[in-house]
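Given next are the chains, with one letter for each unit.
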Amino acid sequence: MKHQQFVSFQVPGGLFGFDIRLVKEITPAVHITPVPLKVGDVSGVVNIRGQVVVVLDLRVSLGGSEQQITDDSQIIILKTTSEIEAVSDYTPNFDLDYLGSIPVGFLVGSVGDIVTVEPSRIEDAPSHLLAQYRSYVEGVVRLDPLPLVILNAGAILGATA
Amino acid sequence: MNLANLIKEFITEAQEHLVTAEEDILALEEGAGEDKETVNRLFRALHTIKGGAACVDFDRVKEFAHAMESVAGLLRDGTLLPNSEITQTLLEGMDKLKSGILSGKGVLGDVDQILQHLQRIAQQPTQSASPQSNPVKAVPATIFDLRKYDTSEAKSQGLHIFEILLDPHKECSRSSATPVALYESIGSLGILLDSKPEASAFTAAPPSFSDCSFLLATMIDDPDLLFPGLQIEPLSFVHYTPEEFPAPAESAPPPIEVPKVQVTANPQPPVPATSREQVPASRSQEQTVRISVEIADKLMNLAGELVVVRNRSAQLQSSGNTREISAVNQRLNVVTSDIQRIVMRTRMQAIGSVFGRFTRVIRDLSRSLGKEMELTISGSDVELDKSIVDGMVEPLMHLVRNAVDHGIESPEERRVGGKSAVGHISLVAQHQAGLVNIQVSDDGKGIDPKKIRAAVVEKGLMTPTQVEDLSDREALNLIFLPGFSTAKQITEVSGRGVGMDVVRASLQKLGGIVEITSVVGFGSTISIQLPLTLAIIPAIILAVEEQCFAVPQVNVIEVVWLHGDEVYQCIQKIDESEVYWLRGNMLPLIRLSKVLNIPRSYVDPISGDIVADRREEAPDRRQKGGEFDTGKRAEIRDRRVALENALYIIVLRVGSDTFGLCVERIVDTEEIVVKPLHDKLKASKVYAGVTVLGDGTTSFILDVSELARTGGIRCEKTETQTTKVLANQDEQQKMLVFTNGVERFAVPLSLLMRVDEIRIQEIQIARGREFLCFRNSLIPLVRIEQAITGISSLYDHEFLHVIIPKIGQPVGIAASSIIGIVEVENANLIHSTDQAAIIGSQIVNGFATTLLDLCALVEIVEPGWMSSLDMPNAAANRIILAEDSFLYRALVTSYLRGIGLEVLTANNGKEALEIIRNTEVSCVVSDIEMPVMDGLDLARHLKSSEAFSHIPLLGISAMDEKIMRPRTLDAGFDDFCTKSNLPMLGEAVKSLLARVREFSP
């Protein structure tokens, strides 16, 4: 079985990962334009080379409180539906439409390594997680000191959309 | 290319063909059967659809398209003549085809009945008209008996067989080829099954036979393609489609029985059917825009130019040559706007693509409702942004269906009402002042405002008193209220739960404004105003604290700048709500920072830190008293952003309402590129879009109506308030005030074209007179002192202002300086009679100001310059003006005399009536609000009297045209004009006079 690669990142409260094929780019969390009267997990918008990217606070998405933006804060920008479609050999296990046509980025505390694992090492989410939270988790990989929680971007985007 | 992409391509292509095919079928029904091109186009469209469907494995679609194509083929060959049965079947077929293709799955549903119908139609003529009767064939000849040849191979490959009769001499001489070359060239496009004479007879020598025949099996199935491809002009030919290949026993097998033919004519490789399930229907309808090669070329050139500019700019970067850099920037500016313009053009689409489909809609509806109807379409070539055109389909469909269902009466009712039995519906698109105006009108029974009022009250949407206060016009527009529907019975056609409120909402989403007018018994018109594009719009950029927001300029009426103490004095507070008195009218205010809940801050003057501002708004503080006295107020203002202690009120329009948006800073006006909002941001409601500003920051585009709603401003206002407010302005006239020497003069602004500043040296002298160069022609310069005695002439040595009126031929009126525009009220005017060029004098803003009679002034200095109207008969251009305001009477009289009319004047309706009884006049111009007898009474008097009812009446008023026009027309006036615009008034009078002349011998 082929190895899978994940972009790992820290959000206060844990170590998380997205499938690397979902990620378009990672950019420092600067010049975020706040959204007055914002609703839900929106943190702001940011201009990436003329494209307006919506930044969501991943911690809020996962049910926590707003993150403070620090020098280490980064935005993980995901590919859009059509960008994923252009890659023929990759189909994520959620409805692609959740990614939409306007790029979305997640605000995270800091970005770590690219983690390469065998699919056999990916465990299911423990059954005693809160149901809402559990639906966001695609699997768990044992790493030290913190386990890597692989997130389902579609479920997160779909839940609050 | 995988199947998914192929399907996308197919759908895009098929959509175009489906549209043209449907139009063509309708044209055939209208009797365009004679027009060969129509039938050909229909055939080709169906054929292309069939071919495409085969490529993407839509077998059912292919079969079905084939059946339709066969019928179209027979129509093309003339063996079948179009009748309503055929067109009806074809149209039903088109619908099935359309839904099958657009679903992206190629599933047709239940089509067996139509299919059988098509087959029956297709078989009718094949019995009576064998291929010999095909009109194209000059010589009915089948030299080869197809049954002798093995056609199974050709059949399995879907090849067509042609029997071609040629004149070898002609063919050889035309292409200067030898018979053997001819033989080979014919064989090059297929398999030559046989020839007569035999192959050996074709030699290099001139042909020894007078005609020759070929039997060619080819993948080309259209003779119009085949023969040009072969470069031959056959004397005759016979065309066998694979279905027609005679099987040994059968003579005419039904065409649909052999659908499994792989269409090899198409270059696309067949695709494995297994991958089909991967294509979700929703994404297969990706939108595409077709652009002309010309546009693509232009873009290419501009892209090239852009590269050149970039290279140049890169070179200059280090040089520091500012002059060169600014030149490059200019170039960049030009290239960018060119690219922008052309890219916009690629998005532009003719509204005709939407209008076109209504021919069919009207046709179907008239059948199902038993009403006779005719559709007129004009302005199909008006172009709008694709997104707007696409968004117009649904609302227009609703409006047209409404017009058909509720507007047009049944033929019997129409006959009883004295109208022609055929109802008329018209769709008109036209450009109007940078917007596009689309009108849907019908000549049906119209909408009765009384019924609307009653319905609104009955449904509890408004109280009876509220409703009574509304004008008829406003009452009509109540049909756009949510929850309103006048149809007593919900019919199938319209009123399927979607009301006019949805129409209005969806048009508003496109930036459109919709309005309805109707005359009971004569029909209704719904006008929609739309912007040309939504992609790039001019906007005002505002800032609250550090954050910028954009407001589309369409919504902005004006900006009021308050500074210094005005900020506190001019804004008043009623409870928690602030208001501003804008020229006497109350304007509700909302503060952007408050609506958006942005915490205000200021820089602490001592520490330099940004500190949250906990102060309430300005008036509140003043009321607290003591804490901030007037002298200190300037210092404690927000020192960081508002250096000059200012506040901007942006006066915004939402529908017919206005409100003021207060901000501390206006950054710029900019053309912004509107980017769509992500769903997550749509939840915030107040944003219409997002954009990237010139400095790279992202900024939100505010949705003005949502902003008003969030700010607590309710946007349904009744007319009474507006009328009251406008009545104040009734007797006001905007004037340009200027000085000549020490004296002040005023002229009506509406008569002026422009005001220029010139150097004294620019004045040219010819024949002892002064002239100016204006738009490449010489115009006389008029100095006031030439016309009015006793006026000092004191001019600057260097500069002179020139006022150019827009009446008659252009002249320049000299002024030493321009004071500004003021609204002059009709009070305290000191009338002067001794000087023809003066209307009178009055105190304006504390200065004695002389109001000039422009026409008389110019007439004195340049006799004959102004009057351009030449009328033979004195009575024919004698009009009467009834007007109580002296100022306005003088102005209008002066202007109308200027355009060559004889003007009698009256102070009120009664006086006017007296004069009309004694003197013959050709037109009556009357004010509405007058003492003794008002304009409406005058009109009723005149129209009810037999002797005077023929005299055209023009109503004038300073009040809002929207309100006054219907009122005056109801009273019997022939036309209405606002007072503020004299040239328009002049035009209205002229056209009324022209109408009189037209009707009298």
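Below: a short report on this structure.

About the cut-offs
Residues numbered from 1 in each chain as written. Chains lettered and ligands numbered in written order. Predicted model: local features only at pLDDT ≥ 70, side-chain atom pairs only at ≥ 80, totals over all residues. Heavy atoms only, no water. Pairing = 2+ DSSP bridges. Helix = DSSP H or I, 4+ residues; strand = E, 2+ residues; numbered from the N terminus. Axes fitted to C-alpha atoms, helices over the stretch in contact; angles between N-to-C directions. Contact = heavy atoms within 4.5 Å. Salt bridge = Lys/Arg side-chain N within 4 Å of Asp/Glu carboxyl O. Polar contact = N/O pair within 3.5 Å; in protein donor to acceptor, adjacent residues only side chain to side chain. Buried < 20%, exposed > 50% of the residue type's maximum accessible area, 1.4 Å probe, protein only. Core = buried A, V, L, I, M, F, W, Y, C linked by side-chain atoms within 4.5 Å.

Residues and elements named next belong to chain B. Strand order in the open sheet formed by four strands is β2-β3-β1-β4, and the pairing between neighbours is antiparallel. Two strands lie at the open edges of the sheet, namely β2 (191-196) and β4 (236-240), each paired on one side alone. Sheet twist, expressed as the mean angle between neighbouring strand axes with direction ignored, is 15 degrees. Those strands touched by helix α8 (residues 179-187) are β1 (160-166), β2 and β3 (212-218), and its axis lies near 140 degrees from that of β2.

You'll often see interface size given as the accessible area lost when the parts meet. Listed as interface residues are 25 residues of chain A and, on the opposing side, 24 residues of chain B. The tally of links between chain A and chain B comes to one salt bridge. Taking the shortest distance from any N to any O, the salt bridge between Asp41 of chain A and Lys680 of chain B comes out at 3.1 Å. Our count for the contact surface shared by chain A and chain B stands at six residue pairs in polar contact (both at pLDDT 80 or more). Broken down by secondary-structure element, the contributors of at least two residues to the side of chain A that touches chain B are β4 (42-48), β5 (51-57), α2 (81-86) and α4 (153-160) of chain A.

Glancing now at the environment of Val39 of chain B. Residues and elements named next belong to chain B. Considering the arrangement of structural elements, one finds Val39 in helix α2 (residues 36-55). Classification of Val39 as buried rests on a relative accessible area of 4%. Sequence-wise, Val39 and Leu28 are eleven residues apart; in three dimensions their C-alpha atoms are separated by 7.8 Å.

Now for the nonpolar core. Core analysis: the biggest nonpolar cluster contains 64 residues, and Phe9 of chain A together with Leu592 and Leu661 of chain B have the highest contact counts within it. For this core, the element with the most residues is strand β20 (residues 646-654) of chain B, which contributes four residues. Ranked by size, the runner-up nonpolar core spans 48 residues in total, among them Val389, Leu396, Val467 and Val514 of chain B.

We now examine the sheet that holds strand β30 (residues 777-782) of chain B. All names here are of chain B. Strand order in the open sheet formed by six strands is β27-β31-β32-β30-β29-β28, and the pairing between neighbours is mixed. Across the chains shown, the open sheet's two edge strands, defined by having one partner strand only, are β27 (752-759) and β28 (764-766). Ignoring which end each strand starts from, the neighbouring axes of this sheet average 40 degrees apart. Two elements, β30 and strand β32 (residues 812-815), share two bridges in a ladder whose sense is parallel. Within β32, the residue paired with Val782 across the bridge is Ile813. Its contacts with the sheet place helix α28 (residues 854-861) against β27, β29 (769-774), β30, β31 (799-805) and β32, and it is angled at close to 100 degrees to β32.

Moving on, we come to the pattern of salt bridges. All names here are of chain B. Going through the model one piece at a time under the given rule, you end up with 30 salt bridges over all chains. Two residues, Glu294 and Lys298, come together in a salt bridge whose shortest N-O distance is 3.0 Å. Here Glu294 pairs with Lys298, and both are found in helix α10 (residues 293-317), just four residues apart, close to one helical turn. For Glu578, the salt bridge identified is with Arg591, shortest N-O distance 2.9 Å. Residue Glu578 is located in strand β16 (residues 577-582), and its partner Arg591 is located in strand β17 (residues 585-591); the two are separated by 13 residues in the primary sequence. For the pair formed by Glu578 and Arg591, the shared burial category is buried. Among the charged side chains, a network of salt bridges with common partners joins Glu22, Asp95, Lys98, Arg360, Arg363 and Asp364.

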